[in-house]
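Geometric and topological summary
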Amino acid sequence: MTMVPDQCDLLVVGSGAAGMAAAITAAHSGLKPVIIEKSSYFGGSTAVSGGAIWVPDNPIMRAAGMKDDRAEARRYIEGETGNRFNAEVVDAFLENGPEAIGFFHDNTALKFTHRPYSPDYHSDQPGAAMGGRVIDAEDYDGSRLGANLARLRPPIADFTLLGGMMLNRFDIGHFLKMSRSFNSAIYATRVVMRYAKDRLVHRRTTRLVLGAAIAGRLAETVFSLKIPLLLDTELVGLEQDVEGRVTGARVKGPGGFRDIAAAKGVVLASGGFPHDTKRRARSFDHVAKGLPHYSMSPTAGTGGSIEAAEAIGAEFVTSNNNGGFWTPVSLLSNADGSKRPFPHLFLDRAKPGVIAVGHDGKRFINEARSYHDFVQGLIGKLESENRKSAWLVCDHRALRRYGLGAVPAFPGRVGPYLKSGYLKRGRSVADLASVTGIAADQLEATIRAFNADAAQGHDTAFGKGSTAYQTYLGDAEQKPNACLRPLDNPPYYAIEIYPGDIGTSMGLAVNGRGQVRDREGNVITGLYACGNDMNSIMAGAYPGAGITLGPALTFGYVVGRTAAREA
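Let me sum up the structure you'll find in this document.

What counts as what
Residues numbered from 1 in each chain as written. Predicted model: local features only at pLDDT ≥ 70, side-chain atom pairs only at ≥ 80, totals over all residues. Heavy atoms only, no water. Pairing = 2+ DSSP bridges. Helix = DSSP H or I, 4+ residues; strand = E, 2+ residues; numbered from the N terminus. Buried < 20%, exposed > 50% of the residue type's maximum accessible area, 1.4 Å probe, protein only. Core = buried A, V, L, I, M, F, W, Y, C linked by side-chain atoms within 4.5 Å. Contact = heavy atoms within 4.5 Å. Phe/Tyr/Trp six-rings, centres within 6.5 Å; stacked < 30°, edge-to-face > 60°. Expected span 1.5 Å × (residues − 1). Axes fitted to C-alpha atoms, helices over the stretch in contact; angles between N-to-C directions. Salt bridge = Lys/Arg side-chain N within 4 Å of Asp/Glu carboxyl O. Polar contact = N/O pair within 3.5 Å; in protein donor to acceptor, adjacent residues only side chain to side chain. Arc of directions from axis to C-beta.

**Let's talk about the sheet that holds strand β5 (residues 112-114)**
Across the sheet, three strands lie side by side as β4-β6-β5; this open sheet has antiparallel pairing. Single-partner strands in this sheet number two, and they are β4 (53-54) and β5. Pairing between β5 and strand β6 (residues 134-137): three bridges, direction antiparallel. Across the sheet, Phe112 pairs through a bridge with Ala137, a residue of β6.

**Observations concerning unusual backbone geometry**
In the segment running from Lys479 into Pro480, the intervening peptide bond is cis, with an omega of 5°. When you line up the elements, Pro480 lands in the loop between α16 (468-472) and β20 (492-504). The step from Pro490 to Pro491 runs through a cis peptide bond, and the omega angle for that step is 5°. Mapped onto the fold, Pro491 is located in the loop between α16 and β20.

**Examining the pairing of strand β10 (residues 234-240)**
A regular strand carries its side chains on alternate faces of the sheet. When β10 meets strand β11 (residues 246-253), the two strands line up antiparallel, connected through six bridges. Residue Glu234 lies in a different strand from β11, and its bridge partner there is Lys252. Remark: five residues form the turn of the hairpin made by β10 and β11, two consecutive strands paired antiparallel; Gly244 in that turn has positive phi of roughly 90°.

**What to know about the pairing of strand β22 (residues 523-529)**
With five of seven residues buried, β22 lies mostly within the body of the structure. Two strands pair when backbone bridges link them, and strand β13 (residues 266-268) and β22 are joined in this way by three bridges, in the parallel orientation. By the bridge assignment, Leu268 is partnered in β22 with Ala529. Between strand β21 (residues 515-517) and β22, which pair antiparallel one after the other, the connecting turn spans five residues, and Gly521 there sits at a positive phi close to 90°.

**Some remarks on the nonpolar core**
Proteins that are soluble and globular tend to have nonpolar side chains buried together. Within the largest apolar cluster, 142 residues are counted, with the highest numbers of intra-cluster contacts made by Phe104, Leu527 and Leu553. If sequence neighbours within four positions are ignored, Leu527 has contacts with Leu238, Val246, Val266, Leu268, Ala309, Ile312, Gly514, Gln515 and Val516.

**Observations regarding the packing of aromatic side chains**
What the rule picks out here adds up to 19 aromatic pairs. For the ring pair Phe104 and Tyr557, a centre distance of 6.3 Å and an interplane angle of 70° mean the geometry is edge-to-face. Residue Phe104 is found in helix α4 (residues 87-107), and its partner Tyr557 is found in helix α17 (residues 549-566); the two are separated by 453 residues along the sequence. Accessibility classification places Phe104 together with Tyr557 in one group, the buried group. Seen in terms of ring centroids, Tyr417 and Tyr422 are 5.9 Å apart; in terms of plane orientation they differ by 55°. Their pairing is tilted. Residue classification places Tyr417 among the partly exposed positions, given a relative accessible area of 21%. Ring pairing ties together the aromatic residues Tyr121, Phe325, Tyr371, Tyr469 and Tyr542, which thus form one cluster.

**So, helix α11 (residues 371-385)**
Count 3.6 residues to each turn of an α-helix, and residues three or four apart come out pointing the same way. Spanning 15 residues, α11 covers 21 Å between terminal C-alpha atoms, matching the ideal 21 Å at 1.5 Å per step. Where α11 is concerned, the buried positions are Tyr371, His372, Asp373, Phe374, Val375, Leu378, Ile379, Lys381, Leu382 and Glu385. Packed against the buried residues of α11 are α9 (285-288), β15 (324-333), β17 (354-357), β18 (390-395) and β20. At the C-terminal side of α11, Asn386 shows a positive phi close to 55°.

**A word on the sheet that holds β21**
The strand order across the open sheet built from six strands is β9-β3-β2-β13-β22-β21, with neighbouring strands paired in mixed fashion. The strands lining the two open edges of the sheet, one partner per strand, are β9 (229-230) and β21. Together, β2 (10-13), β3 (33-36) and β13 form the strand contacts of helix α1 (residues 17-28), whose direction differs from that of β3 by roughly 165°.

**Things to note about the pattern of salt bridges**
Opposite charge on two side chains makes pairing possible when the charged atoms of those side chains draw close. With the rule as written, the count across this model stands at 33 salt bridges. Here Arg194 ties to Asp198 by a salt bridge, and the two come within 3.4 Å at their closest N and O atoms. Residue Arg194 and its partner Asp198 are located together in helix α6 (residues 182-202), separated by four residues, close to a single helical turn. The partner of Asp395 in a salt bridge is Arg485, and the shortest N-O contact between them spans 3.0 Å. Taken together, the positions of Asp395 in strand β18 and Arg485 in the loop between α16 and β20 put the pair 90 residues apart, joining distant regions of the chain.

**Here we look at the environment of Thr436**
Looking at the secondary structure, you find Thr436 in helix α14 (residues 429-436). Put simply, Thr436 and Ile495 are 59 residues apart on the chain and 8.9 Å apart in space, counted from C-alpha to C-alpha. Excluding residues within four positions of it along the chain, Thr436 makes contact with Trp391, Lys424 and Ala494. At 2.8 Å, the side chain of Thr436 forms a polar contact with the backbone oxygen of Leu432. A distance of 3.4 Å separates a polar atom in the side chain of Thr436 from the backbone oxygen of Ala433.

**Describing helix α3 (residues 70-81)**
For α3, built from twelve residues, the straight-helix expectation of 16 Å at 1.5 Å per residue is met to within 8% by its first-to-last C-alpha distance of 16 Å. Restricting attention to buried positions, one finds in α3 the residues Ala73, Tyr76, Ile77, Glu80 and Thr81. All buried residues of α3 project into a common sector of 120° when viewed along the axis, lining one side. In α3, those exposed residues whose orientation departs by more than 90 degrees from the buried face are Ala71 and Gly79. Buried-residue contacts for α3 involve β4 and α4. Its side-chain oxygen 2.8 Å from the backbone nitrogen of Ala71, Asp69 forms the N-cap of α3. Note on α3: the residue one or two positions beyond its end, Gly82, has a positive phi of about 60°.

Here it is in structure tokens:
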């Protein structure tokens with residue numbers, strides 16, 4: 001067990017992308033940082049995320065010959081955030097983001113690839129880009145972490161195959177086609193064989209992808225720089241000198257309470273407040289109105305860092321247009337009878353043969369819109385119906401070709417999900433309505449109208465498949481519209497869905513240097529915030545894939561440099 005030190009240059013609270021980025025940058029700038037982590041694992045929500053990183057005009061895309069215009073990116077963010085646009089932090093992000101990506105790519109184990117085609121979520125809006133702004137970490141061999149691999153937050157079991165095999169975006173495409181494509185079948189077999197070897201040798205997968213690759217690569221650099229990373233160590237309070245400068249913190253670790261002096265300050269990067277039920281009830285309007293809500297973030301994210309900052313006068317921003325980054329979720333049963341959420345991010349809703357309806361049997365939104373946008377429509381539907389949930393509905397062909405929620409595509413098994421009640425099935429639309437409680441006549445009318453539109457390739461009701469982003473998530477083999485096909489292949493299936501999140505957007509007010517402001521707008525010297533502890537630069541909007549991790553890495557870099565310059 002690593003002992004809690006009495007002092008350091010910079011104390012970093014949280015071991016996700018933002019926290020590790022801040023510590024690494026500070027170490028490269030000559031400081032001696034220490035990272036504390038409340039959980040028994042390092043990696044935070046980064047390690048279980050999709051791993052997308054949104055940074056306009058980044059050097060990875062430029063090296064590949066792609067061009068971007070920062071002024072257009074700024075225009076896009078301004079259009080997304082409206083009157084909540086924070087010019088200071090957005091400009092700091094756009095200026096420092098490319099530099100941060102270049103720094104990590106050149107000086108750490110974190111290596112990137114770019115997505116040549118990955119449309120921004122509102123691809124039809126001014127300033128949006130069709131690709132390049134989203135980058136990913138290269139897949140990572142976790143065995144490079146040695147014994148520390150066991151301390152990396154493991155993947156969410158429901159997101160893996162065969163008891164722990166992780167898949168990246170490229171893998172998923174092949175696994176969905178492996179029953180129809182010889183090349184995809186060969187590719188999938190190789191991935192499975194690699195996993196089988198890992199299980200024999202390491203008892204777990206060592207092929208880390210998506211967010212786990214980011215966390216693993218950053219951790220390799222943390223350990224190589226000999227930055228202490230203390231698990232099971234929780235921030236209790238912040239300490240200040242007589243002039244109000246933050247000079248350290250009180251923490252609770254395995255050995256009890258300790259004080260750590262931090263000569264150059266404290267960085268808060270502990271992941272926001274997704275499991276702070278009291279703040280969630282105050283900050284999420286739909287929760288305040290009695291609607292259910294489920295978070296996909298690690299349960300350690302209870303908002304302790306934000307509370308500690310507020311206790312010394314820091315401002316918590318409540319004006320964002322959404323308190324979190326939303327995703328619809330369905331609920332899987334645990335062995336003890338409790339439920340766990342499963343997110344419907346991008347694998348099912350946009351696909352042909354899938355629609356969303358309320359208990360009244362009516363569609364309420366374009367199903368192919370982003371997960372964040374979808375939940376905004378879902379909340380409105382639930383409030384208008386005075387209901388707690390809605391439904392995703394598909395036919396047999398869609399279920400077996402794409403899967404639905406946690407139910408896998410062919411050749412995965414459907415039976416266990418039917419048996420548990422997670423998946424509902426009806427031989428006809430009327431039968432499905434009977435087992436779900438959806439209004440039968442209206443559901444039949446809805447599917448009839450949708451099928452007529454889908455046959456023509458145009459969704460006249462909600463425009464499903466009408467933008468580049470939406471068709472990007474559809475099925476390119478489906479013509480004339482990648483998102484539309486009639487639901488005409490019984491039996492029919494449904495999964496109940498609820499509002500959820502993948503993280504919180506409201507956080508501490510900071511300036512362009514990542515310094516926390518008090519309620520009068522003044523800087524609290526020696527206190528910094530990044531990641532989801534910092535108020536989102538998108539002010540509750542969700543413009544594209546990676547708009548949490550892009551700013552997290554950028555402002556981790558910014559605060560690491562700022563602390564060193566203050567020194």
